Amino acid sequence: MKAPKLLDYIKAVLKNMPNDWLNLTTHRLDIYNESLAKTQFLDEFEALYTNNNSEKSALYDLPTAYDYIRLGHPLSSVLEWTIAKQYSLESESVISFSSQTVPVLSVLRANLFTNKNTQIIYTNALPTSFNADLIKRIYGYNFELVKVERLEDVSDYDGSTIFISEHNEIDAFKLNPNVDFYVNLYQELGSILIVNGEKNNNYISDIQHVRRRETIAMTPSDSLLALKALTEQTSFKVKQTNPADKASVLSEINTITNSATQAVVGSSGLSIQYAIMMGLIHTALENHKGKAIKFIVPTNCYGGTNDQARRVAACLDHVDVVDLEVDGDNDMVKSIDAVLAKVAAEDAIPYIIAEIPTNPRVEVPDLEALKNVLSKVRKTANGETAIDPVFILDQTFCPNFHFLGENDTLSVVRTISYVSGSKFPSGGKCTAGYCVANKKAEDLMANIGLHLDLCDNEATALQYELLAKQMPSMNQRIADAYTNTRAFVNFIHANLPDAKINFVSEELASQGFTPSVFSLDLPTKGDTPEEKETYKRALNHKLIDLMITKIPDESKYCVSYGQLKGVYWTIPATSTQGTTKEGDKDYIARVALSPDMDLELHKSVFLEFVQGI
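None of the values given here were measured: they were computed from a predicted structure.

The rules behind the values
- Residues numbered from 1 in each chain as written.
- Predicted model: local features only at pLDDT ≥ 70, side-chain atom pairs only at ≥ 80, totals over all residues.
- Heavy atoms only, no water.
- Helix = DSSP H or I, 4+ residues; strand = E, 2+ residues; numbered from the N terminus.
- Rg over C-alpha atoms; globule rule 2.2 N^0.38 Å.
- Buried < 20%, exposed > 50% of the residue type's maximum accessible area, 1.4 Å probe, protein only.
- Areas by Shrake-Rupley, 256 points an atom, 1.4 Å probe, with all protein chains shown as cover.
- Lys, Arg positive; Asp, Glu negative; His and termini not counted.
- Charge placed at Lys NZ, Arg CZ, Asp CG, Glu CD.
- Pairing = 2+ DSSP bridges.
- Axes fitted to C-alpha atoms, helices over the stretch in contact; angles between N-to-C directions.
- Expected span 1.5 Å × (residues − 1).
- Parallel < 35°, antiparallel > 145°, perpendicular 65-115°, else oblique.
- Left-handed = near helix turned anticlockwise from the far one by under 90°.
- Contact = heavy atoms within 4.5 Å.
- Nonpolar A, V, L, I, M, F, W, Y, C, P; charged D, E, K, R; others polar.
- Polar contact = N/O pair within 3.5 Å; in protein donor to acceptor, adjacent residues only side chain to side chain.
- Core = buried A, V, L, I, M, F, W, Y, C linked by side-chain atoms within 4.5 Å.
- Salt bridge = Lys/Arg side-chain N within 4 Å of Asp/Glu carboxyl O.

Turning to the overall build of the protein chain, a few remarks are in order. Within the protein chain one finds 20 helices and 18 strands. For 613 residues, the compact-globule estimate of 2.2 N^0.38 gives 25 Å, and the protein chain sits close to it at 24 Å. In terms of its C-alpha atoms, the protein chain occupies a principal-axis envelope of roughly 70 × 65 × 55 Å. The buried share of the protein chain, taken over its 613 residues, is 61%. In the structure as shown, the protein chain presents an accessible area of about 23900 Å², 46% of it carried by carbon and sulfur atoms. Placing the 57 positive and 78 negative side-chain charges of the protein chain at their respective mean positions leaves the two points 1 Å apart.

Encoded structure:
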């Protein structure tokens, strides 16, 4: 064990830490350098430690560790840093997960591309969610399982050795040089992966990318429990999911979506999307063995969706991503029709992922035309009936619109709706997400639930508790936030008529599409397209800087939507579209309003911006 000074310092930090470390899901981008995610925070934290400074003000002034807690956050960073100190390792060698399975999958994925052997060593038992057959058969990963009595029994191996062990304390032990990756399991908290040896440092970014896309970091509340157990050298006790909370959440999902099937709830929206993708791949292999699988994905949709889909396809020879043009001059319905005709000709399996309204341009297709295109019977090149599509609908922007009921628009199409719960469902209290199917797609949910469990990505007890508390007020919050957004959009249109505003029409709103986010394409100047683009991008930052400076208690520069209070500003190209191809990125301002905000103050500051152009 390292010097007591370390643990004494962490105790002081936990006593004085900002409340936002525990309670915020999204963090400020104006004090965040994405290329230095975690590093900048820990460099400055290390300086505080060196000077034995744990003052509240010093901790508050630390830069953002990650912009969104799914990826990591101050408490997970401090936990990893502290454990790394105990082992005399670099902090990036310690990576915490909410999942107990995904850290193992992250190493297997890396070794798939280098065709490297992997052995998984364990002493007592593997994680209950670990299904070796499915991991090999559906995910395409290769490994061998070896049970040993003691850590000391692990010998040298030609490949990677992963050692899995269960712990009820956050303790330290001597690292065995024959083990490349330790996965320490902590009941209900998740797991901590330790990358052992410089020869394995090249895995770190790949493992972090898996955590970023296919699961989440250990949650703030669980990281705090782990840190307290570590500093006090005691075991930890984690609250189990309250069945009443879970039942309430599942019932609310059915009510809000007008669905009648069993929903599943995951640790984040991307955890849910990963379960959907792997569950549908599983179903395709069972029902259509040998046929190619095509995930049809909008080119400029949320970056996490785009990136994850391509990451899944990269691992499996029978899975491809097909681009779908949906925004601007492109019509979603026509694009889907053209792509489905091509996929049908190839006798492939079409899985379409789409956002309605689209992100960030908040466009809604002609729903009757969409239904007709999706339900149209197509033929293969051989004249046989083609496999009908599954429509995977990201409904995060309008989670209350009814697509799934027996008499709703998409009732005749196999449809799965999913939502990021960090938005309206929890009001920004947690990252959990959910998905639910209509009756026509009900049989697909079993495998989706199976893969959510396999990846140990179900929502945590606290996430269920927060959703159970917030979801009953969700529809009213959506209505109130829309009212504020419509009023602000109308004000901007009246005072800056040359700006292009992407928002739903009054007609669409009357049909039930009432988002509280819009995108703002500001007017520009210049003699060349390059000059105009440069001017517009600078103007975006000028607007956001003015808003967050003049209204610091409400206006935030961060990626968020559906929060309980405040206004959130971001530029999709440099935030949510981080992994999108450059030509498909949107350098416009995206603005999300809440039901609780000072609308008149925001109008007045915006008018000041207009007068300064």
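Here the focus is the sheet that holds strand 1 (residues 94-97). The pairing of strands in a sheet happens through backbone hydrogen bonds and is either parallel or antiparallel. Spatial ordering of the open sheet is given by 1-6-5-4-2-3, a layout of six strands whose pairing is mixed. Each edge of the open sheet carries a strand with a single partner, namely strand 1 and strand 3 (144-147). With direction set aside, neighbouring strand axes in the sheet form an average angle of 20°. Here strand 2 (residues 118-122) runs beside strand 4 (residues 160-167); their pairing, made up of five bridges, is parallel. Bridged to T118 within strand 4 is S160.

Let us now look at helix 5 (residues 74-87). Taking 1.5 Å per residue, 14 residues should reach 20 Å; helix 5 reaches 20 Å between its end C-alpha atoms and fits that length. For helix 5, a buried count of 13 out of 14 residues is recorded, marking the element as mostly surrounded by other parts of the structure.

What follows is about the packing of helix 19 (residues 529-550) against helix 20 (residues 599-611). It is at 10 Å that the axes of helix 19 and helix 20 come closest, and there the two elements cross at 140°. Taken as axis vectors, helix 19 and helix 20 run oblique relative to one another. Read as a crossing pair, helix 19 and helix 20 show a hand that is right-handed. On helix 20, the residues that touch L539, K542, L543, L546, M547 and K550 of helix 19 are H602, V605, F606, E608 and F609. In terms of residue class, the contact of helix 19 with helix 20 is made up of seven nonpolar, one polar and three charged.

Moving on, we get to the packing of helix 11 (residues 269-287) against helix 15 (residues 445-454). One can describe the packing of helix 11 onto helix 15 by two numbers: an axis separation of 7 Å at closest approach and a directional angle of 125°. Here helix 11 is positioned oblique relative to helix 15, judged by the angle of their axes. Of the two elements, helix 11 crosses helix 15, and the hand of that crossing is right-handed. Contacts between helix 11 and helix 15 involve S271, I272, A275, I276, M278, G279, H282, T283 and E286 on the former and, on the latter, N447, I448, L450, H451 and L452. Residue composition of the contact of helix 11 with helix 15, grouped by class: seven nonpolar, six polar and one charged.

This paragraph deals with the sheet that holds strand 9 (residues 319-324). If you trace the seven strands from one edge of the open sheet to the other, you get 7-13-12-11-10-8-9, paired in mixed fashion. If you trace the sheet from one side to the other, it starts and ends with strand 7 (264-266) and strand 9, each paired once. Adjacent strand axes in the sheet meet at a mean angle of 20°, parallel and antiparallel pairs treated alike. Examined bridge by bridge, strand 10 (residues 349-355) and strand 11 (residues 390-394) share five bridges and lie parallel to one another. Note that in strand 11 the partner of I353 across the bridge is I392.

Counting buried positions along strand 11 gives five out of five residues, so the element sits mostly inside the fold. In strand 11, alternate side chains face the same way, and those of V390, I392 and D394 on one face and F391 and L393 on the other are all buried. Of the pairings in the sheet, the one linking strand 11 to strand 12 (residues 414-420) comprises five bridges and is parallel in character. Directly across from F391, in strand 12, lies its bridge partner T415.

Bringing unusual backbone geometry into the picture now. With an omega dihedral of -10°, the bond running from I356 to P357 counts as a cis peptide bond. Its location among the elements puts P357 in the loop between strand 10 and helix 14 (367-375). Despite not being glycine, N52 shows a phi value in the positive range, around 55°. Inspection of the secondary structure assignment puts N52 in the loop between helix 3 (39-50) and helix 4 (56-60).

For the rest of this paragraph, the subject is the environment of Q100. Secondary-structure assignment places Q100 in the loop between strand 1 and helix 6 (102-114). On the basis of relative accessibility, which here comes to 14%, the residue Q100 falls in the buried class. Separated by 135 residues in sequence, Q100 and S235 have C-alpha atoms that sit 18 Å apart. Contacts of Q100, omitting those with residues within four sequence positions, involve P127, V183, L185, Y186, Q187, E188, G190, S191 and D456. Polar side-chain contacts of Q100 include one of 3.3 Å to the backbone oxygen of G190.

Residues V265, I336, F391, F513, F518, L520 and F606 are the most contacted members of the largest nonpolar core, which totals 90 residues. For this core, the element with the highest residue contribution is helix 17 (residues 474-495), accounting for eight residues. If sequence neighbours within four positions are ignored, L520 has contacts with I492, A499, K500, I501, N540, L543, I588, A589 and F606. Counting 66 residues, the second largest nonpolar core, distinct from the first, contains I204, M445, I448 and C455.

So, about the pattern of salt bridges. If you walk through the whole model with that rule in mind, you get 25 salt bridges. The salt bridge partner of D521 is K536, with a shortest N-O separation of 3.0 Å. Remark: K536 occurs in helix 19 and D521 occurs in strand 15 (residues 517-521); sequence separation between them is 15 residues. K536 shares its class with D521; the two are buried. Measuring nitrogen to oxygen at the nearest pair gives 3.4 Å for the salt bridge that ties K550 to E608. Remark: E608 occurs in helix 20 and K550 occurs in helix 19; sequence separation between them is 58 residues. With a relative accessible area of 45%, K550 lands in the partly exposed category. For E608, a relative accessible area of 35% gives the class partly exposed. In this structure, a network of salt bridges that share partners links the residues K294, D320, K342 and E346.

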